[in-house]
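# Per-entry structural report
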Amino acid sequence: MTHQLLFVDDDAAIRFAVERFFRTRGYAVHTAADVAGATARMGADHFDVLIVDLRLTGTHGTEGLDLISLMHSISPATRTILLTAYQFPGLDLTAQEQGVDIVLQKPQPLARLAELVGELLSDRQ
Amino acid sequence: MTEPSAKLEVILQTITAGVVAVDPSGRVSYANQAALRELERTGEEVIGRSWNSLVPALSGTNAHSGSVAVDPEHRYQAVLQATAESTPRSVGFLVIRARPTNDEVDLVVLMRGLTEVAVLEEHGRRRERLAGLGRLVGGLAHELRNPLAAVQALADSLLIEIGPGDPRVEYATRIIDAVGRMEAFVRAAVRFAQPTNSEPVRCEAAELLTEALRLANLGASEPGTQWLCGGPLYCRVDRRQVAECLAALLTNADEASGRPEGTRIRVSRHVDSADVGWLRFDVSDDGPGIPGELHFRVFEPFYSTKPARTGMGLAFAQTTALQNGGRIELRSAPAAGSTFTLWLPEEAP
C-alpha cells in the first residue's frame with residue numbers, strides 16, 4: 001500500500017526537495033504552501049502522515065499547530081510531525097498537548113525525517 | 001612620569017574614587033590613594049606593573065592598546081582580592097581612552113567599590129542587554145534555519161538521485177557538511193543569547209562538579225580536585241545550567257593544556273565585605289596562557305583560537321554564571337597557564 005504524505009511548508013525549495021525525496025522512497029507526496037492550500041488538501045484526501053512547518057505565513061504565527069489540530073479532527077489516525085526553525089520556550093509542551101507526534105528542529109537530514117516517518121507508520125500498524 | 005601639578009595632585013589624592021593611568025604598554029604609570037586602597041597595594045607594588053596582572057579581566061580592560069580595538073569608554077566590574085587571605089570585593093571600573101594619549105597615559109581607569117545594590121543594578125542592566133540580544137539572535141536563527149533547511153533538503157535529494165559512485169556525491173556531501181557547521185553556529189548563538197529560564201534549586205558543590213565532569217566527558221583522565229573547605233558547600237542555582245557552565249570551563253582547560261593531567265580544579269569558600277559567602281571553583285590549566293590584550297576577548301561570542309570550534313563556550317559560561325547570580329573571572333599570563341574562576345553565591349548549610 002502506498003502511504004499518503006502531506007507536506008506543508010511555505011519554502012518552495014524545501015517542498016521541491018522533500019517531495020522528490022519521499023517520492024523516490026515510494027510515498028505518494030502532496031504538498032501545500034499555506035493554510036488554505038493545506039486545508040483544501042485535507043478535505044479532499046486521506047493522509048497517513050502530515051509534516052508541517054510551525055510558521056507558514058512569515059508572520060509570528062503558529063499555523064502549523066492549527067493545521068495539526070484540524071487534521072486530528074478530520075482524521076485521528078494521521079500521524080503528525082511539526083517542523084520548526086526556532087524552538088521557543090514551552091513549544092514542546094504545547095505541541096504535546098495538541099497531540100503532535102514529533103517536534104523537529106530545522107534543518108534536519110531528509111534521511112532522518114524519512115526514518116521518523118517510517119517509525120510513526122510502523123507504530124501505527 | 002610627568003608629575004601632576006601640586007594643585008591637581010591634591011585633588012586626585014582627595015577624591016574617593018580610585019584613579020589609575022595606564023601607559024601604552026599596559027603598565028600602571030599613576031595611581032591615587034583611593035586606587036591603592038581598592039587594590040590593597042602600595043604605590044611601589046603598583047607603579048610599573050602590568051594593569052592586567054593587578055586586576056582580573058572580567059569582560060575587561062585591554063590596556064595593551066593598538067592590537068585590539070577598545071571602546072572609547074568601557075565599563076565593567078570585577079572581584080578584587082590582593083592575596084588569598086584578603087576578602088574579595090566587587091569593584092566597578094570605568095576605562096577611558098586618554099585624549100590625547102602620550103607615552104605615559106593611554107588609558108585612565110576610574111575605580112569605585114560597589115555596594116551590593118550597585119552590583120545588582122549592573123546585573124540588571126546586563127540582563128536587559130542580553131534580552132535584546134536574545135530577540136535579535138532568535139529572529140536571525142529563524143530566518144537562517146529556513147534557507148539552511150532548504151539547502152540541506154536539496155543536497156539530500158541530490159545525493160539520493162545521483163546514487164553512490166557518482167563523482168558529484170562529494171559535492172553534495174560537502175554541502176551537507178557546511179550546513180551542519182552553520183547549524184552548529186546558530187545553535188551555539190541561540191544557546192548563548194537566549195538562555196532558558198533558570199530554575200534554582202539547592203545544589204551541593206561536589207554534586208555540581210561531578211555532573212560537570214560527566215558533561216565535559218574528558219575521558220578516563222579526570223582532573224585532580226583540591227577541596228579547601230571542610231564539609232559540603234551549598235548554593236541555590238539551576239543545576240543543569242551551572243553544571244554546563246563548569247563543563248565549559250573544564251573543556252576549555254582540557255583543550256588549553258593539551259594533556260589530560262594539565263587541568264586542576266580547586267574548590268573553596270570566601271566571605272566578602274558584605275558578609276556574603278561565595279563558592280569558588282578555580283579551573284586551572286598549564287596551557288600557553290592568555291596575553292593580557294585577549295583577556296576580555298575570550299569571553300566574546302565566536303572568539304576562538306582553536307579551529308573548528310564555535311568560540312561560544314566561555315561566552316556561554318559567563319552568561320550562565322551571571323544568570324545564576326555568579327560570575328567568571330580570568331587570571332592568566334603567557335607561559336603561566338590560565339585560571340578561570342567561577343564564583344557562586346553561597347547558601348547556608
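A few points on the structure. (Residues numbered from 1 in each chain as written. Chains lettered and ligands numbered in written order. Predicted model: local features only at pLDDT ≥ 70, side-chain atom pairs only at ≥ 80, totals over all residues. Heavy atoms only, no water.)

## Observations concerning helix 1 (residues 12-24) of chain A
All names here are of chain A. Between its first and last C-alpha atoms helix 1 spans 18 Å; for 13 residues at 1.5 Å apiece the expected length is 18 Å, and the two agree. Buried within helix 1 we find Ile14, Arg15, Ala17, Val18, Phe21 and Phe22. Of the residues trailing helix 1, Gly26 is marked for its positive phi of about 90°. (Helix = DSSP H or I, 4+ residues; strand = E, 2+ residues; numbered from the N terminus. Expected span 1.5 Å × (residues − 1). Buried < 20%, exposed > 50% of the residue type's maximum accessible area, 1.4 Å probe, protein only.)

## Side note on helix 5 (residues 110-124) of chain A
All names here are of chain A. The end-to-end C-alpha separation of helix 5 is 21 Å, in line with the 21 Å expected for 15 residues at 1.5 Å each. When we look at burial in helix 5, the residues that qualify are Leu110, Leu113, Ala114, Leu116, Val117, Leu120 and Leu121. Considered in projection along helix 5, the buried side chains sweep an arc of 165° and stay on one side of the axis. (Arc of directions from axis to C-beta.)

## Description of a nonpolar patch on the surface
All names here are of chain B. Taken together, Leu133, Leu136, Leu140 and Leu144 make up a surface patch of nonpolar side chains, about 340 Å² in accessible area. Within the fold, Leu136 resides in helix 5 (residues 116-162). The exposure class of Leu136 is exposed, given its relative accessible area of 52%. (Patch = residues over 30% accessible without salt bridge, like charges linked within 9 Å, V, L, I, M, F, W, Y side chains within 5 Å. Areas by Shrake-Rupley, 256 points an atom, 1.4 Å probe, with all protein chains shown as cover. Salt bridge = Lys/Arg side-chain N within 4 Å of Asp/Glu carboxyl O.)

## Re the packing of aromatic side chains
Tallied over the full model, the rule gives five aromatic pairs over all chains. Residues Phe22(A) and Tyr27(A) carry aromatic rings whose centres are separated by 5.2 Å and whose planes lie at 80° to one another, so their mutual orientation is edge-to-face. Residue classification places Tyr27(A) among the buried positions, given a relative accessible area of 14%. On the numbers, 6.5 Å between centres and 85° between planes, the contact of Trp278(B) with Trp343(B) is edge-to-face. Residue Trp278(B) is found in strand 10 (residues 277-285), and its partner Trp343(B) is found in strand 12 (residues 338-347); the two are separated by 65 residues along the sequence. Note on accessibility: Trp278(B) and Trp343(B) belong to one class, buried. Grouping aromatic residues by their ring pairs yields a cluster made of Phe21(A), Phe22(A) and Tyr27(A). The residue whose ring lies beneath Arg202(B) is Tyr234(B), and the NZ or CZ to ring-centre distance is 4.0 Å. Directly above the aromatic system of Trp278(B) lies the positively charged group of Arg327(B), at a separation of 4.4 Å from the ring centroid. (Phe/Tyr/Trp six-rings, centres within 6.5 Å; stacked < 30°, edge-to-face > 60°. Lys NZ or Arg CZ within 6 Å of the ring centre and 35° of its normal.)

## Some words on the interface of chain B and chain A
Taken together, the contact between chain B and chain A spans 18 residues of the former and 20 residues of the latter. Buried area between chain B and chain A, summed over both chains or domains, comes out near 1,600 Å², and the portion from carbon and sulfur atoms is 64%. Across the chain B-chain A interface, the total number found is one salt bridge. The residue Arg20(A) makes a salt bridge to Glu161(B) at a minimum N-O spacing of 2.8 Å. Remark: the boundary between chain B and chain A carries five residue pairs in polar contact (both at pLDDT 80 or more). Ranked by residue count, the leading element in the side of chain B that touches chain A is helix 5 of chain B, at 15 residues. Looking at the side of chain B that touches chain A residue by residue, the class counts come to eight nonpolar, six polar and four charged. (Contact = heavy atoms within 4.5 Å. Buried area = accessible area lost by both parts, 1.4 Å probe. Polar contact = N/O pair within 3.5 Å; in protein donor to acceptor, adjacent residues only side chain to side chain. Nonpolar A, V, L, I, M, F, W, Y, C, P; charged D, E, K, R; others polar.)

## Brief notes about the pattern of salt bridges
Residue and element names in this part refer to chain B. Evaluated as defined, the whole model comprises 24 salt bridges over all chains. Linking Arg327 and Glu329 is a salt bridge whose minimum nitrogen-to-oxygen distance equals 3.9 Å. On the basis of relative accessible area, Arg327 is assigned to the buried category, the value being 4%. Residue Glu329 is classed as buried on the basis of its relative accessible area, which comes to 2%. Look at the salt bridges and you will find they share partners, linking Glu211, Arg214, Arg240 and Glu244 into a network.

## Looking at unusual backbone geometry
Residue Lys106(A) is joined to Pro107(A) through a cis peptide bond whose omega torsion reads -10°. Here the phi dihedral of Glu40(B) falls at roughly 55°; this positive angle occurs in a residue that is not glycine. Note on placement: Glu40(B) falls in the loop between helix 2 (33-39) and helix 3 (43-46). For Glu40(B), a relative accessible area of 38% gives the class partly exposed. Positive phi, close to 70°, is recorded for Ala335(B), a residue that is not glycine. Within the secondary structure, Ala335(B) sits in the loop between strand 11 (327-332) and strand 12.

## Some points on the environment of Ile81(A)
All names here are of chain A. By secondary structure assignment, the location of Ile81 is in strand 4 (residues 79-84). Among the residues examined, Ile81 registers a relative accessible area of 0% and is labelled buried. Separated by 16 residues in the primary sequence, Ile81 and Leu65 have C-alpha atoms spaced 9.9 Å apart. Setting aside anything within four residues of it in sequence, one finds Ile81 in contact with Leu50, Ile51, Val52, Ile68, Ile102, Leu104, Leu113, Leu116, Val117 and Leu120.

## Here we look at the pairing of strand 2 (residues 28-32) of chain A
All names here are of chain A. Most of strand 2 sits inside the fold, with four of its five residues counted as buried. When strand 1 (residues 4-8) meets strand 2, the two strands line up parallel, connected through five bridges. By the bridge assignment, Gln4 is partnered in strand 2 with Ala28. Handedness of the β-α-β unit built from strand 1, helix 1 and strand 2 comes out right-handed. (Pairing = 2+ DSSP bridges. Right-handed = clockwise from strand over helix to strand, strands pointing away.)

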